[in-house]
Amino acid sequence: MINRRTFHRAAGLGTGAAAVALAGPPTGATAAPAQGEAAVTPAPAVPAVTPGTHTSFARLKQVRAGVLDVGYAEDGPGHGPVVICLHGWPYDIHSYADVTPLLAARGYRVIVPFLRGHGTTRFLSSRTFRNAQQSAIALDIIALMDALKIDKALLAGFDWGSRTADIIAALWPERVKALVSVSGYLITDVEAQKKPLPPKAEYAWWYQYYFATERGRLAMEDKTDRHDLCRLVWDTVSPTWHFDDATFERTAAAFENPDHAAIVIHNYRWRLGLADGERRYDRYERLLATRPVIEVPTITIDAERDPFVAAGNGASYRDRFTGPYAHRTLSGIGHDVPQEAPTAFAQAVVDVDHF
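Note that this is a predicted model, so its numbers are computed, not measured.

Caption draft 1: A look at the pattern of salt bridges. This model, assessed by the stated rule, comprises 15 salt bridges. With a closest N to O distance of 3.2 Å, Lys61 and Glu74 form a salt bridge. Placement of Lys61 in strand S2 (residues 59–65) and of Glu74 in strand S3 (residues 68–75) is noted, with a sequence separation of 13 residues between them. Classification of Lys61 as partly exposed rests on a relative accessible area of 31%. Its relative accessible area of 4% is what places Glu74 among the buried residues. Measuring nitrogen to oxygen at the nearest pair gives 2.8 Å for the salt bridge that ties Lys177 to Asp353.

Caption draft 2: The arrangement of the packing of aromatic side chains in detail. Taken as a whole and assessed by the stated rule, the structure comprises 24 aromatic pairs. Seen in terms of ring centroids, Trp205 and Tyr207 are 5.9 Å apart; in terms of plane orientation they differ by 55 degrees. Their pairing is tilted. Tyr207 matches Trp205 in its accessibility class, with the two residues each being buried. Aromatic pair Trp206 and Tyr210: ring centres 6.3 Å apart, planes at 35 degrees, arrangement tilted. Here Trp206 pairs with Tyr210, and both are found in helix H7 (residues 206–210), just four residues apart, close to one helical turn. Residue Tyr210 is classed as partly exposed on the basis of its relative accessible area, which comes to 27%.

Caption draft 3: The packing of helix H3 (residues 134–147) against helix H4 (residues 160–171), seen in detail. Relative to each other, H3 and H4 sit at 75 degrees, their axes nearing to 9 Å. Taken together, the axes of H3 and H4 are roughly perpendicular relative to one another. When H3 is examined against H4, the residues Gln134, Ser135, Ile137, Ala138, Ile141 and Ile142 are found in contact with a partner set consisting of Trp160, Arg163, Thr164, Ile167 and Ile168.

Caption draft 4: Up close: the layout of surface pockets. Volume-wise, the largest pocket comes out at about 1,400 Å³. Lining the largest pocket are 41 residues, and of these Leu186, Gln193, Leu197, Trp205 and Phe308 sit closest to its centre. Taken together, the elements giving at least two residues each to the lining of the largest pocket come down to H4, helix H5 (190–193), helix H6 (199–204), H7, helix H9 (223–237) and helix H11 (260–271). Residue contributions to the lining of the largest pocket peak at five residues, all from H6. Partitioning the lining of the largest pocket into residue classes produces 23 nonpolar, eight polar and 10 charged. Taken as a whole, the second largest pocket holds about 350 Å³ of empty space. Lining the second largest pocket are 17 residues, and of these Val190, Trp270, Gly277, Asp282 and Glu285 sit closest to its centre. When contributions to the lining of the second largest pocket are tallied by element, the ones reaching two or more residues are H5 and helix H12 (282–288). Considering each element in turn, the lining of the second largest pocket owes the most residues, three residues, to H12. A per-class count over the lining of the second largest pocket returns four nonpolar, five polar and eight charged.

What counts and what doesn't
Residues numbered from 1 in each chain as written. Predicted model: local features only at pLDDT ≥ 70, side-chain atom pairs only at ≥ 80, totals over all residues. Heavy atoms only, no water. Salt bridge = Lys/Arg side-chain N within 4 Å of Asp/Glu carboxyl O. Helix = DSSP H or I, 4+ residues; strand = E, 2+ residues; numbered from the N terminus. Buried < 20%, exposed > 50% of the residue type's maximum accessible area, 1.4 Å probe, protein only. Phe/Tyr/Trp six-rings, centres within 6.5 Å; stacked < 30°, edge-to-face > 60°. Axes fitted to C-alpha atoms, helices over the stretch in contact; angles between N-to-C directions. Parallel < 35°, antiparallel > 145°, perpendicular 65-115°, else oblique. Contact = heavy atoms within 4.5 Å. 1 Å grid on protein atoms, 1.4 Å probe; cavity = no way out; pocket = protein on both sides within 12 Å on 5 of 7 lines; lining within 4 Å. Points joined across faces, edges and corners; volume = space filled by probe spheres on them. Nonpolar A, V, L, I, M, F, W, Y, C, P; charged D, E, K, R; others polar.

Structure follows, in structure tokens:
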């Protein structure tokens with residue numbers, strides 16, 4: 001719960017003592033260990049599943065949480081340890097269609113929410129600013145946990161989902177049992193974002209700069225242009241994933257949310273310092289600008305064919321994780337790790353829960 005105690009807990013984060021606890025390689029994808037990390041006995045293996053085996057969820061629900069009426073999928077025993085899986089853009093809960101039953105079968109209660117602006121998640125008031133700055137989205141998940149009376153959960157995510165999970169683990173570690181973060185430490189420093197990246201990296205982010213223009217905003221508001229743009233992103237950031245049209249269309253339905261364009265445009269403009277956030281989130285953004293360390297047990301994952309992955313096998317963000325830690329690189333996998341390599345992703349969740 002967000003209160004004075006948890007805020008001051010976040011403000012007082014220290015660096016802690018570095019510790020490393022490693023699990024074995026994931027099942028279903030080739031993983032390269034980080035240098036200097038010695039493997040220990042892994043947790044029980046997750047049964048392999050062919051990506052795309054599952055196309056729907058056992059239960060879809062709605063709950064009022066904070067400023068939202070949140071749509072979410074749920075599977076597994078209601079009394080089981082909770083795993084919250086967080087998607088990114090341009091994706092939705094279907095990124096976890098195969099991961100969810102794998103974890104549910106191991107006794108986890110799995111919650112997969114539509115982020116604001118996606119699927120059946122709606123703002124409760126038409127007057128609420130359609131804000132997509134990083135702390136606002138993180139607080140959505142805290143509010144969801146409060147609404148579902150979940151005191152502590154294992155968080156796992158990619159893309160926007162990794163950033164959101166990282167923030168919660170950094171500012172509210174008492175709410176996080178463990179963390180699986182694709183692409184590592186993704187907390188945004190708006191000032192640092194203003195510095196140009198190497199040209200190849202800038203090229204991969206073409207749509208971020210497109211969204212900074214009026215043309216990009218209009219494209220996101222147009223159903224056909226939005227559909228085709230999102231499909232192009234899927235094709236380019238997951239070059240080895242041979243998904244069919246039906247797979248994309250299941251997720252594309254989530255982009256019909258009436259606030260989708262506003263949320264996506266604000267998210268990317270805010271990251272570049274081109275759009276303002278809200279003052280009520282300033283205290284959290286000031287903390288995040290200090291690049292707080294994450295102390296909870298963590299597995300970070302890099303996907304070899306993801307164009308956004310920096311070279312170095314996680315070395316660029318290793319110092320941000322000061323608790324039990326392991327890093328994995330998945331060979332031949334692109335950006336949407338849980339959907340492209342569901343067994344490896346689920347195994348990471350199970351493994352980090354055993355640190």
